[in-house]
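# Observations on the three-dimensional arrangement
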Amino acid sequence: MLPGLALAGAVSLGALALERIETYATGRPWLEALVLAILIGTAIRTGWRIPARFDSGIQCAAKTLLEVAIVLMGATISFGAILAVGWPLLLGIAATVVLAIGASFLLGRALGLTREVALLVACGNAICGNSAIAAVAPAIDADADDVATAIAFTAVLGVGVVLCLPLAAAGLHLSAAAGGVLAGLTVYAVPQVIAATAPLGAVAIQLGTLVKLVRVLTLGPVVTCLSLLQRRREGADRRGTNGLLLPGFILAFLALAAARSLALLPDALVPPAQGAGNFLTVMAMAGLGLGVDLRHVAAAGPRVTLAVTLSLLILAGIALLVLRLIGLA
């Protein structure tokens, strides 16, 4: 597997270097290394007939390393964050995620997307963008083309959300607290939440980040439910389930999150686990990109773009309704 893993590693290092260059030149990474790894990998697959000896390593990067990265994500999750936001807002976050996934999935199917792509787009929009797509993909047996398609278009439009949110908050005359909650409910990643709420002040940054972190916590239950549904859909004998109700990497993710929440995991181990998880995720995306036929992604482009755009509008509408119901708008 060494040739394929080495190639995925080289693509990952290139993506991380480009992200650094973006940050140095513009002050922020408009395209994260995770997205860049997919784009570089896809470009290599499109322009070079990769020898067969690379295949096993590429597949290991795309699947096994991704599962390990998801497990390590558990070290960054604390269930105590759930209690910090209060029950009304907590219920609002849960309702936003559930309604957004349901509505986006139905919309994607109505637009002719496959079940897998529709689910990836729905979960990516509703929870945390690229990370949610990467975590959900193994649970529903999505292939590399599906994942690359969903991440590519979701990532690009996610940047637009960051740019538009401060203008929308001002146009709707939202308070700093309301603007922060809106960002936490709609923006994909924590750094993007900070960027979107910075013009609104410290209160918006703090509240938006907290809401976003709680929203990320819903990833575990969502992946669990999808895994159970997939197992029921395909049968208990599906290869890779090993007779378990849930895939092993999801059980490990939940166990590590529980250990973190119960203070059984030393704080000193959290930053290394997060760093390793982030790099493995980039390598997994490189592996996915190296297995993608660009022509398949381009063919699905217009429908996926429309699905992601409309899903974002649905998510924003649900978030504004939640703000009104909890008295912030």
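Residues numbered from 1 in each chain as written. Predicted model: local features only at pLDDT ≥ 70, side-chain atom pairs only at ≥ 80, totals over all residues. Heavy atoms only, no water.

### What to know about the packing of helix α6 (residues 115-128) against helix α11 (residues 202-217)
Packing of α6 against α11 brings their axes to within 8 Å, and their N-to-C directions diverge by 140°. On α11, the residues that touch Asn125, Ala126, Ile127 and Cys128 of α6 are Lys212, Arg215 and Val216. The class makeup of the residues in the contact of α6 with α11 is four nonpolar, one polar and two charged. (Axes fitted to C-alpha atoms, helices over the stretch in contact; angles between N-to-C directions. Helix = DSSP H or I, 4+ residues; strand = E, 2+ residues; numbered from the N terminus. Contact = heavy atoms within 4.5 Å. Nonpolar A, V, L, I, M, F, W, Y, C, P; charged D, E, K, R; others polar.)

### Details of the packing of aromatic side chains
Scanning the entire structure with this criterion turns up one aromatic pair. Taken together, a centroid distance of 5.8 Å and an interplanar angle of 75° make the contact between Trp48 and Phe54 edge-to-face. Of the residues examined, Phe54 reaches a relative accessible area of 11% and is grouped as buried. (Phe/Tyr/Trp six-rings, centres within 6.5 Å; stacked < 30°, edge-to-face > 60°. Buried < 20%, exposed > 50% of the residue type's maximum accessible area, 1.4 Å probe, protein only.)

### With respect to the environment of Pro272
Tracing the sequence through the fold places Pro272 in helix α14 (residues 270-289). Through-space distance from the C-alpha of Pro272 to that of Ala75 is 9.7 Å; in sequence the pair is 197 residues apart.

### Considering α6
For α6, built from 14 residues, the straight-helix expectation of 20 Å at 1.5 Å per residue is met to within 8% by its first-to-last C-alpha distance of 19 Å. For α6, a buried count of 14 out of 14 residues is recorded, marking the element as mostly surrounded by other parts of the structure. Of the residues trailing α6, Gly129 is marked for its positive phi of about 60°. (Expected span 1.5 Å × (residues − 1).)

### As for the packing of helix α5 (residues 87-110) against α11
Running from N to C, α5 and α11 point in directions that differ by 55°, and their axes come no closer than 10 Å. Here α11 runs oblique to α5, going by the angle between their axes. Seen from above, α5 lies across α11 with right-handed handedness. In contact with Leu89, Leu90, Ile93 and Val97 of α5, α11 contributes Val211, Val214 and Arg215. (Parallel < 35°, antiparallel > 145°, perpendicular 65-115°, else oblique. Left-handed = near helix turned anticlockwise from the far one by under 90°.)

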